Amino acid sequence: MMREILLIISILLPIAGGISLQIIRPSSDRAQRFRCELTAILTSILVWALILGGTMKPFTVYSFTLGFRILFQVDGLGMLFAAMVSIMWPFVTLYAFEYMESEQRTTWFFAFYIMTYGVTLGVCFAGNVLTLYVFYEMLSLVTIPLVCYYQNRESMYAGRVYAGYVIGGAAAALIPVMVTTLYEPTAFVLGGHRFDYLPPQFVLLMFVIGFFGFGVKAAVMPLHAWLPTASVAPTPVTALLHAVAVVNTGVFAIMRLTWYVFSPTILHGTWAQYVTLGAAIVTLLVSACRALRERHFKRRLAYSTVSNLSYMLYGVMLLNPDGFVAGMAHMLFHGVIKMSLFLCAGAFMHQSGHSYVYEINGAGRKMRFTFAFYTVGALSLSGIPLLCGFISKWRLLIAGAVEGTALSYIGEACLLTAAFFCALYTLSVSVRAYFPVRENNIWKDSSLKDPGWRMLLPIGFFTAVNILLGVIPGPVLDFLGRIASGTV
């Protein structure tokens, strides 16, 4: 009973903390920062108390008619996602204090920022597809104001685009959510359900609709346009949108749908697998090409996110345990890498007032720590050994070889091509930073420098985790293997 209460408090605490910021306004910026960071840290402590206590059986908070229930549980996949969120949120909140220091309406910003933490935890600990869907929708509602934060023409347009895509995707996802809840109103079960009493082709159609419905947040092409557009939001928002909260919620929901609601055994070898796996392969390659052409710093990283999200979906939709493990590994490792890359991009934009890649010429000689950390992240995302990005990409290649189908081999070829493009579009930034074209080195005699410790500490932390997971990946991969086998 105590752990059930802790789980509910961990979800409600940041939501209540965000609301209280608006109702009881802090007396100063310092008081506001203290309340936000304290709320984030206390929530993370509660989450880790739940994680270290092991799995928890599903329990019902509220029951509707016909099996519609709000249900929570702690299982291996939920623990993985919750661990990611709980480690990243306090650090990015600290980063946000310095980044937003000169901005207006920061109380309004941090209120929604902290509430997003609680809603994301609701997704992590959802015990059935209906509860997952409820918090999935709530996540859209609390992040739309963050995308629109600057309230200028560009950000309001981005907010409308974001709202249109995610609400449309949620409308599509509602169809399989209702059908599966009516016919199998049970908690998530690894291996899913066969739905033998429904026509097989109808089951496959429901899965495909759910894949693309939830796939909006996972930025599956052609439903990806909202993600680069949302880069106009403040960097603390885009870091969480593109590295953890929103995009990984889409991937997480598809993992649940594929492995815990519908049966991978039933889906394997069907047209539904070919359509969804093909969509992931096309997305990971085409978006890598788009990233290579993009000149805006954050939008380039946003297209990179689109590509890497489909790396994860490629692993998941191979529908074998090796692919599932590889997809989970890339969800974790990409989150760590992309968090550091976005925070580095935000640091440059914050310190310089410039946003485009060609404007970086020579900045690495002034912002030494920022671009050193960026380069480590770029190397990792490109798949260089001894960094965590190599581990997950290698596991994806192994999983494709294990599957051994023509489509999986095509996927491997596209994955390798996309990784080569990734090296080009990420490391070219480092080359510009350290080896500028002489006549374009606008920073040669400037006072440009690294940001303060509140921004550098989170970047350095994620860089250290990147290296640690690359050198010692064994414990994490063992845990992921236990999730895939149902022994955790």
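The structure displayed is predicted, hence computed values, not measured ones. (Residues numbered from 1 in each chain as written. Predicted model: local features only at pLDDT ≥ 70, side-chain atom pairs only at ≥ 80, totals over all residues. Heavy atoms only, no water.)

A. Inspection of the overall build of the protein at higher detail. Secondary structure assignment for the protein yields 19 helices and two strands. Over its C-alpha atoms the protein spans a radius of gyration of 21 Å, differing by no more than 12% from the 23 Å that the globule rule assigns to 488 residues. On the principal axes, the C-alpha backbone points of the protein span a range of 75 × 55 × 45 Å. Within the protein, buried positions represent 62% of all 488 residues. Pairs at least 24 residues apart make up 82% of the contacts formed inside the protein by residues separated by at least 6 positions. (Helix = DSSP H or I, 4+ residues; strand = E, 2+ residues; numbered from the N terminus. Rg over C-alpha atoms; globule rule 2.2 N^0.38 Å. Buried < 20%, exposed > 50% of the residue type's maximum accessible area, 1.4 Å probe, protein only. Contact = heavy atoms within 4.5 Å.)

B. A look at the nonpolar core. In terms of nonpolar packing, the biggest core is built from 182 residues, with F125, M328 and M339 touching the most fellow members. Counting residues per element, this core draws most heavily on helix α14 (residues 321-352), which supplies 19 residues. Looking at which domains feed residues into this core, each of domain 1 (1-264) and domain 2 (268-488) gives three or more. Every residue in contact with M328, bar those within four places of it in the chain, is listed here: L77, L80, M255, L480, I483 and A484. (Core = buried A, V, L, I, M, F, W, Y, C linked by side-chain atoms within 4.5 Å. Domains from an automatic or database assignment.)

C. Structural detail: helix α2 (residues 29-52). With 24 residues, α2 extends 34 Å between its outermost C-alpha atoms, agreeing within 8% with the 34 Å of an ideal straight helix rising 1.5 Å per residue. Within α2, burial applies to Q32, C36, E37, T39, A40, T43, S44, L46, V47, L50 and I51. Where α2 is buried, its residues meet α1 (2-23), β1 (56-63), α3 (76-99) and α4 (106-124). Of the residues flanking the end of α2, it is G54, one or two places downstream, whose phi is positive at about 85 degrees. (Expected span 1.5 Å × (residues − 1).)

D. Quick peek at unusual backbone geometry. Across the junction of M221 and P222, the peptide omega takes the value 10 degrees, indicating a cis bond. Positionally, P222 belongs in the loop between α7 (200-214) and α8 (226-229). With phi around 75 degrees, L386 is a residue other than glycine that occupies positive phi space. Here L386 shows up in the loop between α15 (368-382) and α16 (388-403). Assessed through its relative accessible area of 61%, L386 is described here as exposed.

E. Molecular detail of the packing of aromatic side chains. Summed over all chains, the structure comprises 34 aromatic pairs. Summarising the aromatic geometry, the rings of W259 and F324 are spaced 4.6 Å apart at their centres and angled 5 degrees between planes, so their arrangement reads as stacked. With W259 in helix α10 (residues 245-261) and F324 in helix α14, this pair connects stretches of sequence that are 65 residues apart. For F324, a relative accessible area of 0% translates into the label buried. One cation-aromatic arrangement involves R256 over Y260; the distance from NZ or CZ to the ring centre is 4.8 Å. (Phe/Tyr/Trp six-rings, centres within 6.5 Å; stacked < 30°, edge-to-face > 60°. Lys NZ or Arg CZ within 6 Å of the ring centre and 35° of its normal.)

F. Inspection of the environment of I398 at higher detail. The residue I398 is located in helix α16 in this model. A sequence separation of 72 residues divides I398 from A326, and the C-alpha atoms of the two residues are 8.8 Å apart.

G. Inspection of the domain arrangement of the protein at higher detail. By domain assignment, the protein separates into domain 1 (1-264) and domain 2 (268-488). Centre-to-centre, using C-alpha coordinates, domain 1 lies 22 Å away from domain 2. Of all residues in domain 1, Y95, E98 and W259 bury the most surface against domain 2, accounting for 15% of the area lost on that side. For the pair domain 1 and domain 2, the number of links is one salt bridge. Taking the shortest distance from any N to any O, the salt bridge between R454 and E101 comes out at 3.0 Å. Where domain 1 touches domain 2, the interface holds 13 residue pairs in polar contact (both at pLDDT 80 or more). Going through the elements one at a time, α3, α7, α8, α9 (235-243) and α10 are the ones with two or more residues in the side of domain 1 that touches domain 2. Broken down by element, the side of domain 1 that touches domain 2 gets its largest block of residues, 14 residues, from α3. Taken together, the residues that form the side of domain 1 that touches domain 2 break down as 38 nonpolar, ten polar and five charged. (Buried area = accessible area lost by both parts, 1.4 Å probe. Salt bridge = Lys/Arg side-chain N within 4 Å of Asp/Glu carboxyl O. Polar contact = N/O pair within 3.5 Å; in protein donor to acceptor, adjacent residues only side chain to side chain. Nonpolar A, V, L, I, M, F, W, Y, C, P; charged D, E, K, R; others polar.)

H. Region of interest: the packing of helix α13 (residues 297-317) against α14. Close contact between α13 and α14 brings their axes to 8 Å; oriented N to C, the two are set at 175 degrees. Here α13 is positioned roughly antiparallel relative to α14, judged by the angle of their axes. Judged by residue contacts, F297, K298, L301, A302, S304, T305, N308, Y311, M312, G315 and V316 of α13 engage G323, F324, G327, H330, M331, H334, K338, L341, F342, A345, F348 and M349 from α14. Class assignment of the residues belonging to the contact of α13 with α14 gives a composition of 13 nonpolar, eight polar and two charged. (Axes fitted to C-alpha atoms, helices over the stretch in contact; angles between N-to-C directions. Parallel < 35°, antiparallel > 145°, perpendicular 65-115°, else oblique.)

I. Highlighting the packing of α14 against α16. Put simply, α14 and α16 touch, their axes get as near as 8 Å, and they point 160 degrees apart. By the angle between their directions, the pair α14 and α16 is classed as roughly antiparallel. Read as a crossing pair, α14 and α16 show a hand that is left-handed. Residue-level inspection shows D322, G323, V325, A326, G327, A329, H330, F333 and I337 of α14 in contact with α16, the latter providing C388, G389, I391, S392, K393, R395, L396, A399 and V402. Tallied by class, the residues present in the contact of α14 with α16 amount to ten nonpolar, five polar and three charged. (Left-handed = near helix turned anticlockwise from the far one by under 90°.)

J. Structural context of the pattern of salt bridges. If you walk through the whole model with that rule in mind, you get four salt bridges. Between R256 and D75 there is a salt bridge, with the nearest N and O atoms lying 2.7 Å from each other. In this pair, R256 sits in helix α10 while D75 sits in the loop between β2 (69-74) and α3, placing the two residues 181 residues apart along the sequence. The exposure class assigned to R256 is buried, which follows from its relative accessible area of 1%. For D75, a relative accessible area of 11% translates into the label buried.

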